[in-house]
Amino acid sequence: MNQIAIVFGLIITTVIGFGAYTALAPLVTQSENRNMEAEIINVVNAASEYRWVNRNDAGLAASDFAILVDNGYLDSELYDDGTNESVIETDITASPGAATPSITYDAGDEQSCNWLLDRATTGKWANVDADHATNACATTTLTVIIE
């Protein structure tokens, strides 16, 4: 009799555990996406400010993510060169001085990348050229163009 109760209890625990996982998994993904979005917006704004302040600087063409950190546009305690430094420990790159200034961000998976792209191209983010044809997801890597 006790064995039946134990087996029945294990089955109920398994069903409840699976149900809880199924119900809560989207919340984890949504929270992670919001953290990534906040980080990208911060990097985009830093790159945009850098472009504005240094608009006549001939060295802009060679600028990268590290120049944003080295010049105080991004927190040096959080970032160094953008390699394995995102909130999900993936890469962030910036080219604020390029002819087409951009930010690339490895979102970790296609679903998150597409969600972030949708947010960027529907005008939710300031300082992003929402209509630019180069805004895209290449598998997991988001590319957005800075205004």
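Residues numbered from 1 in each chain as written. Predicted model: local features only at pLDDT ≥ 70, side-chain atom pairs only at ≥ 80, totals over all residues. Heavy atoms only, no water.

K.L.:
When you look at the overall build of the chain in this model, what are you seeing that I'm missing?
P.N.:
What the chain contains, in helices and strands, is 3 helices and 4 strands. The order of α-helices and β-strands along the chain, N terminus first, is α-α-β-β-α-β-β. Counting only residues that meet the buried cut, the chain has 35% of its 147 residues in that class. Across the chain, the fraction of contacts at a sequence separation of at least 24, relative to all contacts at a separation of at least 6, is 54%. (Helix = DSSP H or I, 4+ residues; strand = E, 2+ residues; numbered from the N terminus. Buried < 20%, exposed > 50% of the residue type's maximum accessible area, 1.4 Å probe, protein only. Contact = heavy atoms within 4.5 Å.)

K.L.:
I'm lost on the nonpolar core in this one. Help?
P.N.:
The tendency in soluble globular proteins is for nonpolar side chains to be buried as a group. In this structure, F65, L74, I103, W125, L142 and V144 are the most contacted members of the largest nonpolar core, which totals 27 residues. Of all the elements in the fold, those that place two or more residues in this core are α1 (2–53), α2 (65–70), β1 (92–95), β2 (102–106), α3 (110–121) and β4 (141–145). Looking at which element gives the most residues to this core, the answer is α1, with 7 residues. Dropping the residues within four chain positions of it, L142 is found in contact with I40, I103, T104, Y105, C113, L116, L117, W125, A136 and C137. (Core = buried A, V, L, I, M, F, W, Y, C linked by side-chain atoms within 4.5 Å.)

K.L.:
I tried to follow the environment of D109 on my own but got confused; where do I start?
P.N.:
With respect to the helices, strands and loops of the structure, D109 is situated in the loop between β2 and α3. Linking D109 and T139, residues 30 residues apart in sequence, is a C-alpha distance of 7.3 Å. Polar contacts involving the side chain of D109 include one to the main-chain amide nitrogen of S112, which spans 2.6 Å. (Polar contact = N/O pair within 3.5 Å; in protein donor to acceptor, adjacent residues only side chain to side chain.)

K.L.:
Is there a simple way to think about the pattern of salt bridges in this case?
P.N.:
Between side chains of opposite charge, a pair can form when the charged atoms approach closely. In total, this model carries 2 salt bridges according to the counting rule given. Where salt bridges share partners, they join R34, E37 and R119 into one cluster. (Salt bridge = Lys/Arg side-chain N within 4 Å of Asp/Glu carboxyl O.)

K.L.:
Would you explain α3 in this entry?
P.N.:
Think of an α-helix as turning once every 3.6 residues; residues three or four places apart then point the same way. Over its 12 residues, α3 runs 16 Å from end to end, which matches the ideal 16 Å to within 8%, given 1.5 Å per residue. Along α3, the positions that sit buried rather than exposed are S112, C113, L116, L117, R119 and A120. Viewed end-on, α3 has its buried residues packed into an arc of 160°, placing them on one side of the element. Where α3 starts, the residue carrying a side-chain oxygen 3.1 Å from the main-chain nitrogen of Q111 turns out to be D109. (Expected span 1.5 Å × (residues − 1). Arc of directions from axis to C-beta.)

K.L.:
When you look at the side chain of N33 in this model, what are you seeing that I'm missing?
P.N.:
Tracing the backbone shows N33 in helix α1. Apart from the residues lying within four places of it in its own chain, the contact partners of N33 are S112, W115 and L116.

K.L.:
Where do I start with the pairing of β2 in this structure?
P.N.:
Regular strands have side chains that alternate between both faces of the sheet. As paired strands, β1 and β2 are joined by 4 bridges and run antiparallel to one another. Bridge pairing links T93 to T104 in β2. A loop of 6 residues connects β1 with β2, the two strands running antiparallel in sequence. The pairing of β2 with β4 spans 5 bridges and is antiparallel. Residue I103 lies in a different strand from β4, and its bridge partner there is V144. (Pairing = 2+ DSSP bridges.)

K.L.:
Explain the state of the cysteines here, please?
P.N.:
A covalent bond between the sulfur atoms of two cysteines is what we call a disulfide. For the coordinates displayed, the defined rule picks out 1 disulfide. Across a sulfur-sulfur distance of 2.1 Å, C113 and C137 are joined as a disulfide pair. One disulfide, between C113 and C137, carries an S-S torsion of -110° and so falls in the left-handed class. Placement of C113 in helix α3 and of C137 in strand β3 (residues 136–138) is noted, with a sequence separation of 24 residues between them. For C113, a relative accessible area of 0% translates into the label buried. (Disulfide = S-S within 2.5 Å.)

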